[in-house]
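# A structural walkthrough
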Amino acid sequence: MGEDSTRPTTVTAALILAGGKSTRMGSPKHLLKHPDGRPAYRFIHDVISGAYPQLRSRTYISLARDSLLDRELSSRAAEAVSPPLAPGLSIIWDNDDDTSGANTHGDASSDKTASGGPAKGLLAAWRAHPEETWLVLACDYPRLTPAAVQCLVRAHVPPVTCFRNRDGFCEPLVSIWGPAALAQLARNVEAGRQGPSWTIRQIGGTVLDLPNEGVAEGWLCNVNNREEWDEAFRV
């Protein structure tokens, strides 16, 4: 019997990381519009749903309290969503439960409204749902495909799995994080080691080469400024 590609056997929830300041972009990445009018976070949610429809109602978006919100996100925020998972896209505020004593920008700020980067979002999800295994996708991969997500899930080896980009570096924000990996990330943040990539290397996480077939060329490229965003849709 062939594998059921609609059923993630190891992933139990999905997390869209969208809490950053986007200073190089000049505007919030999660609200950038794709050519069809979808904001970036909605595009990623649709990619998740296209890969594994059952995760559509088990997806969170990680945001800072000071993040700009569109109408849909404002509606979600007004619902005061909290565990257990609510139908559709739910919000996890990435700075409501900062017990790390550290901040991922390496400064002394204790601002509870500002995002602390991807580690904060990952750890907020872990604290809210410590037993989940998370499919983690940042919102700044505008060419990500459902097929790529399926490749990631099929190849997942606990406690953490990600892709290796064409420059040889791991992409920790197109990844799967289990509870043990997130617990180690929390310990590393406490010790001042903020980057998720460090944790992946430290625990010998599985780093996958890019698939040769079945996935559109150039999907594993994240964008950091407006020029890169525009270029992503010209290729």
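On a predicted model such as this, the values are computed, not experimentally measured, just so you know.

Procedures and definitions
Residues numbered from 1 in each chain as written. Predicted model: local features only at pLDDT ≥ 70, side-chain atom pairs only at ≥ 80, totals over all residues. Heavy atoms only, no water. Core = buried A, V, L, I, M, F, W, Y, C linked by side-chain atoms within 4.5 Å. Buried < 20%, exposed > 50% of the residue type's maximum accessible area, 1.4 Å probe, protein only. Contact = heavy atoms within 4.5 Å. Helix = DSSP H or I, 4+ residues; strand = E, 2+ residues; numbered from the N terminus. Polar contact = N/O pair within 3.5 Å; in protein donor to acceptor, adjacent residues only side chain to side chain. Expected span 1.5 Å × (residues − 1). Salt bridge = Lys/Arg side-chain N within 4 Å of Asp/Glu carboxyl O. pLDDT = per-residue confidence, 0-100. Axes fitted to C-alpha atoms, helices over the stretch in contact; angles between N-to-C directions. Parallel < 35°, antiparallel > 145°, perpendicular 65-115°, else oblique. Left-handed = near helix turned anticlockwise from the far one by under 90°. Nonpolar A, V, L, I, M, F, W, Y, C, P; charged D, E, K, R; others polar.

Turning next to the nonpolar core. Counting residues in each nonpolar core, the largest one holds 62 residues, and the members touching the most others are Leu 135 and Leu 144. Ignoring anything within four residues of it in the chain, the contact list for Leu 144 reads Phe 43, Ile 44, Val 47, Leu 137, Val 149, Val 174 and Trp 219. Ranked by size, the runner-up nonpolar core spans five residues in total, among them Leu 32, Ala 40, Trp 229 and Ala 232.

In this section: the side chain of Thr 59. Topologically, Thr 59 is positioned in strand S2 (residues 59-63). At a separation of 2.6 Å, a polar atom in the side chain of Thr 59 contacts the main-chain carbonyl oxygen of Leu 55. Once residues lying within four places of it in the same chain are set aside, the contact partners of Thr 59 are Ala 14, Ile 16, His 45, Ile 48, Gly 88, Leu 89 and Ser 90.

The next subject is unusual backbone geometry. What you tend to see is this: most non-glycine residues have negative phi, and most peptide bonds are trans. In this model, Pro 158 is joined to Pro 159 through a cis peptide bond whose omega is 10°. Among the secondary structure elements, Pro 159 is positioned in the loop between helix H4 (146-154) and strand S5 (160-164).

Compared with an ideal rise of 1.5 Å per residue, which puts twelve residues at 16 Å, helix H1 (residues 40-51) spans 17 Å between its outermost C-alpha atoms and is within 8% of the ideal. Burial within H1 is extensive, with ten of its twelve residues counted as buried. Buried within H1 we find Ala 40, Tyr 41, Arg 42, Phe 43, Ile 44, His 45, Val 47, Ile 48, Ser 49 and Ala 51.

Now for the pattern of salt bridges. Evaluation of the coordinates by the stated rule reveals nine salt bridges. With a shortest N-O distance of 2.8 Å, Lys 29 and Asp 140 are connected by a salt bridge. Of this pair, Lys 29 sits in the loop between strand S1 (13-17) and H1 while Asp 140 sits in the loop between strand S4 (134-138) and H4, placing them 111 residues apart in sequence. Lys 29 sits in the buried class, given a relative accessible area of 14%. Arg 38 is the salt-bridge partner of Asp 46, the closest N and O atoms lying 3.0 Å from each other. One continuous salt-bridge network, built from bridges that share partners, spans Asp 36, Arg 38, Arg 42, Asp 46, Arg 56 and Glu 72.

The residue Ile 203 is located in the loop between helix H6 (196-202) and strand S7 (206-208) in this model. On the basis of relative accessibility, which here comes to 28%, the residue Ile 203 falls in the partly exposed class. For the pair Ile 203 and Pro 159, spaced 44 residues apart in sequence, the C-alpha separation works out to 8.4 Å. Those residues in contact with Ile 203, other than ones at most four positions away along the chain, are Pro 159, Val 160, Ala 181 and Gln 184.

The next subject is the confidence of the model for the protein. Put simply, the protein has an average pLDDT of 83, and 80% of its residues get 70 or more. Here residues 98-115 scores under 50 on pLDDT; set against residues more than four positions off or in separate chains, the count is 36 contacts.

Now for the side chain of Asp 140. Among the residues examined, Asp 140 registers a relative accessible area of 10% and is labelled buried. Discounting chain neighbours no more than four positions away, the residues touching Asp 140 are Lys 29, Cys 221, Asn 222, Val 223 and Asn 224.

A few words now on the packing of H1 against H4. Between H1 and H4, the shortest axis-to-axis distance is 8 Å and the interhelical angle comes to 60°. By the angle between their axes, H1 is oblique relative to H4. Pair H1 / H4 crosses with right-handed handedness. Two secondary-structure elements touch here, H1 through Val 47, Gly 50 and Ala 51 and H4 through Pro 146, Val 149 and Gln 150. Partitioning the contact of H1 with H4 into residue classes produces four nonpolar, two polar and no charged.

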